[in-house]
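One letter stands for each residue in the lines below.
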Amino acid sequence: MKIVVLGGDGFVGWPTTLHLSNLGHEVHIFDNLSRRWIDTELGVQSLTPMDSIQERTRIWHEVTGHRVQFHLIDVAKDYEILKARLEQLQPDAIIHFAEQRAAPYSMKSDRHKVYTVNNNVSATHNVLAAMAELGLTSHLVHLGTMGVYGYSTVGAAIPEGYLTARIETMDGGEAEQEILYPTRPGSVYHMTKSLDQILFQFYAQNDGLRITDLHQGVVWGTHTQETRLHDQLINRFDYDGDYGTVLNRFLIQAAVGHPLTVHGTGGQTRAFIHIQDSVRCIELALADAPKPGDRVKIFNQMTETHKVRDLAGLVSRLTGAEIRNLPNPRKEAAENDLVVRNDQFLALGLDPIRLQDGLLSEIVEVARKYAHRVDRSRIRAVSAWTREIGSTVVRDVEGKGLKSVF
Ligand code: NAD
Ligand code: USQ
């Protein structure tokens, strides 16, 4: 297949690109490198040293003989260039990772909110409008999030995207209607993924576009089979308070002797998936495309759920790290249960990688190797969901007489 990977320089996009290229597909990356610019804005860097995208693709060719082509395109802004490139390439599939994906970054200030909505919604809509205009039959696979559902359960498992609702009709009878599961995003970032869902629903119904939306949980890990092939193919690994995700953060914190930063009681339950499984799921989704006229295919891309405090306990037992309960900078339920269905990927042959000591230790080892690159003052999460919460977090940080270091 000829595959375009939008956002192929990122944490999930890069290993996916390598995996698909290794399977023999012709892969093109479209990326504006905004994630690298955001590192510069925040004054942080990936824990792992990343080469330029041009150098990464050169090494990939040297190691495997496969070529990956990089196109510098802003999917949200360069509409005509995007359309022309898609017309020229006529891809069989487009995988869409090209969005601002950190909830804390999206809540930092009004400017960050505006940027996240403009970037994410325009990127998604530009791709859809170009596909419809060009009459492309490419399969669009989008990386969405479990967060569109919200995280509370009503004593029932979260289904894969759709819900059958019963509505009372005017004659007193009952009608059944299939609806998108009601969204309940908990951040401006998560809200953009809820908006994406509506755009997909419209273009699938109006233009017959073939779309798969993957509602993914928190990704953990860093290496995949392909990134292990050469030091310079290493994946990005975020640890800072905005972009680092919870389990990876705990593992890095343990490696550098920083207390594990549990927000509140740590009673938040979230869905998780290892990066290797994330890449495998995309391969499986590509092979199971909807037909023109089908509704959007929605998969829950996760393998297990855990409470934040249980993850902290696990990492602490493994490494001896201290656990610190901090005021939560987010507005979210202090405690929640989460039961999620993921039958479709299991039926397609996904054999989930579970949280296991070996893999966790491997990540701690990677973190120890690059510990000298960690700026401890960037570890604490300080982007607050509201002004009031922000003052509590600031008081806590200042109360300790520290900028943001313990
Ligand atoms: P990332 O920030 O590492 O990568 C995103 C990539 O997209 C970056 O290379 C960035 O430069 C590029 N990009 C952003 N806006 C762009 C634009 N307008 N034009 C071109 N390129 C653009 O993020 P990630 O962790 O790889 O996540 C990829 C996708 O998966 C995101 O959409 C995210 O919402 C979703 N997701 C991620 C996780 C996770 O834990 N990392 C979990 C669930 C879902
Ligand atoms: N948390 C802590 N301590 C930390 C960091 C986070 O207790 O140091 C808590 C948060 O308060 C939250 C939970 O851990 O309750 C998860 O936070 P996270 O940063 O790991 O994940 P989140 O902000 O939800 O976002 C990440 C990705 C996003 C993706 C989402 C999937 O950045 O792109 O969409 O996971 S999901 O969470 O399933 O919606």
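Residues numbered from 1 in each chain as written. Chains lettered and ligands numbered in written order. Predicted model: local features only at pLDDT ≥ 70, side-chain atom pairs only at ≥ 80, totals over all residues. Heavy atoms only, no water.

Q: Explain the overall build of the protein here, please?
A: In terms of regular secondary structure, the protein is built from 13 helices and 14 strands. Here the C-alpha radius of gyration of the protein, 21 Å, is about what a compact globule of 406 residues would show, namely 22 Å. For the C-alpha atoms alone, the extent of the protein along its principal axes is close to 65 × 60 × 40 Å. When each of the 406 residues of the protein is scored for burial, the buried share is 56%. For the protein, long-range pairs separated by at least 24 residues make up 81% of all intrachain contacts whose partners lie at least 6 apart in sequence. Surface accessibility of the protein: about 17,000 Å² in total, with carbon and sulfur atoms responsible for 50%. (Helix = DSSP H or I, 4+ residues; strand = E, 2+ residues; numbered from the N terminus. Rg over C-alpha atoms; globule rule 2.2 N^0.38 Å. Buried < 20%, exposed > 50% of the residue type's maximum accessible area, 1.4 Å probe, protein only. Contact = heavy atoms within 4.5 Å. Areas by Shrake-Rupley, 256 points an atom, 1.4 Å probe, with all protein chains shown as cover.)

Q: It is not clear to me how the side chain of Arg373 should be interpreted in this structure. Could you clarify?
A: Structurally, the position occupied by Arg373 is in the loop between α12 (357-369) and α13 (387-399). Buried charge without a salt bridge: Arg373, with Asp39 as the nearest opposite-charge side chain at an N-O distance of 7.7 Å. Those residues in contact with Arg373 that sit more than four places away from it in its chain are Gln45, Ser46, Leu47, Thr48, Pro49 and Tyr239. (Lys, Arg positive; Asp, Glu negative; His and termini not counted. Salt bridge = Lys/Arg side-chain N within 4 Å of Asp/Glu carboxyl O.)

Q: Looking at this model, I keep getting lost on the pattern of salt bridges. Mind explaining?
A: When their charged atoms lie close together, side chains carrying opposite charge are able to pair. Summed over all chains, the structure comprises 26 salt bridges. With a shortest N-O distance of 3.4 Å, Arg280 and Glu283 are connected by a salt bridge. Taken together, the residues span about one helical turn, with Arg280 and Glu283 both in helix α9 (residues 275-286) at a distance of three residues. Glu365 serves as the salt-bridge partner of Arg368, at 3.1 Å between the closest nitrogen and oxygen. Here Arg368 and its partner Glu365 are both found in helix α12, three residues apart, which amounts to about one turn of the helix. Using a relative accessible area of 41% as the deciding quantity, one classes Arg368 as partly exposed.

Q: What's the story with the packing of aromatic side chains in this structure? I'm lost.
A: In total, this model carries five aromatic pairs according to the counting rule given. Ring centres of Tyr105 and Tyr115 lie 6.4 Å apart, and the angle between their planes is 85°; this geometry places the pair in the edge-to-face category. With Tyr105 in helix α5 (residues 103-106) and Tyr115 in helix α6 (residues 110-134), the pair connects residues that are ten residues apart, well separated along the chain. Taken together through their ring pairs, the aromatic side chains of Tyr105, Tyr115 and Tyr243 make up a single cluster. The ring of Tyr151 is capped by Arg270, whose NZ or CZ atom sits 3.6 Å from the centre of that ring. Sitting over the face of the ring of Tyr162, Arg295 holds its NZ or CZ atom 3.9 Å from the ring centroid. (Phe/Tyr/Trp six-rings, centres within 6.5 Å; stacked < 30°, edge-to-face > 60°. Lys NZ or Arg CZ within 6 Å of the ring centre and 35° of its normal.)

Q: Help me understand the site of ligand 2, please; the structure alone is not making it clear to me.
A: As a matter of local geometry, ligand 2 sits amid 23 residues, with Thr145, Tyr189, Thr261, Arg330 and Glu332 nearest to it. Within the backbone of Gly147, one N or O atom sits 2.9 Å away from an oxygen atom of ligand 2. Burial of ligand 2 by the surrounding chains reaches 96%, relative to a free accessible area of 740 Å². When contributions to the shell around ligand 2 are tallied by element, the ones reaching two or more residues are α7 (188-207), α8 (246-255) and β10 (260-263). For the shell around ligand 2, the element with the highest residue contribution is β10, accounting for three residues. (Near = heavy atom within 4 Å. Polar contact = N/O pair within 3.5 Å; in protein donor to acceptor, adjacent residues only side chain to side chain.)

Q: Please clarify how the site of ligand 1 should be interpreted in this entry.
A: In the neighbourhood of ligand 1, 29 residues make up the surrounding shell, with Val12, Asp31, Asn119, Tyr189 and Lys193 lying closest. Separating an oxygen atom of ligand 1 from a backbone N or O atom of Val12 is a distance of 2.8 Å. Contributing elements (two or more residues each) for the shell around ligand 1: α2 (34-42), β5 (139-145), α7 and β9 (218-220). When its residues are assigned to classes, the shell around ligand 1 shows twelve nonpolar, nine polar and eight charged. (Nonpolar A, V, L, I, M, F, W, Y, C, P; charged D, E, K, R; others polar.)

Q: Would you explain unusual backbone geometry in this entry?
A: A positive phi angle is found at Leu33, which is not glycine, with a value near 60°. You can see Leu33 is positioned in the loop between β2 (26-31) and α2. For Leu33, a relative accessible area of 17% puts it in the buried group. Its identity is not glycine, yet Gln90 carries a phi of approximately 45°, on the positive side. Relative to the elements of secondary structure, Gln90 occurs in the loop between α4 (79-89) and β4 (93-96).

Q: Hey, could you run me through the sheet that holds β4 in this one?
A: Within a sheet, each strand pairs with its neighbour through backbone hydrogen bonds, oriented either parallel or antiparallel. Pairing is parallel in the open sheet, where seven strands are placed in the order β3-β2-β1-β4-β5-β8-β12. Looking at the sheet topology across the chains shown, the edges are occupied by β3 (68-72) and β12 (297-301). When the angles between neighbouring strand axes are averaged without regard to direction, this sheet yields 20°. With five bridges connecting them, strand β8 (residues 210-216) and β12 associate as parallel partners. Of the residues in β12, the one forming a bridge with Gln216 is Gln301. Contacting β1 (2-6), β4, β5 and β8, α6 crosses the sheet at an angle of about 170° to β4. With respect to the sheet, α7 is in contact with β5, β8 and β12, its orientation differing from that of β5 by roughly 150°. (Pairing = 2+ DSSP bridges. Axes fitted to C-alpha atoms, helices over the stretch in contact; angles between N-to-C directions.)

Q: I keep staring at α7 and nothing clicks. Help me out?
A: Note: α-helices contain 3.6 residues per turn, so residues at a spacing of three or four share the same orientation. Its 20 residues place the ends of α7 28 Å apart at the C-alpha level, agreeing with the 28 Å of an ideal helix rising 1.5 Å per residue. Listed in full, the buried residues belonging to α7 are Val188, Tyr189, His190, Thr192, Lys193, Ser194, Asp196, Gln197, Leu199, Phe200, Tyr203 and Ala204. The inward-facing, buried residues of α7 abut α5, α6, β5, β7 (174-180), β8 and β12. Its side-chain oxygen placed 3.3 Å from the backbone nitrogen of Tyr189, Ser187 serves as the N-cap of α7. Trailing α7 by a residue or two, Gly208 shows a phi angle of about 70°, which is positive. (Expected span 1.5 Å × (residues − 1).)

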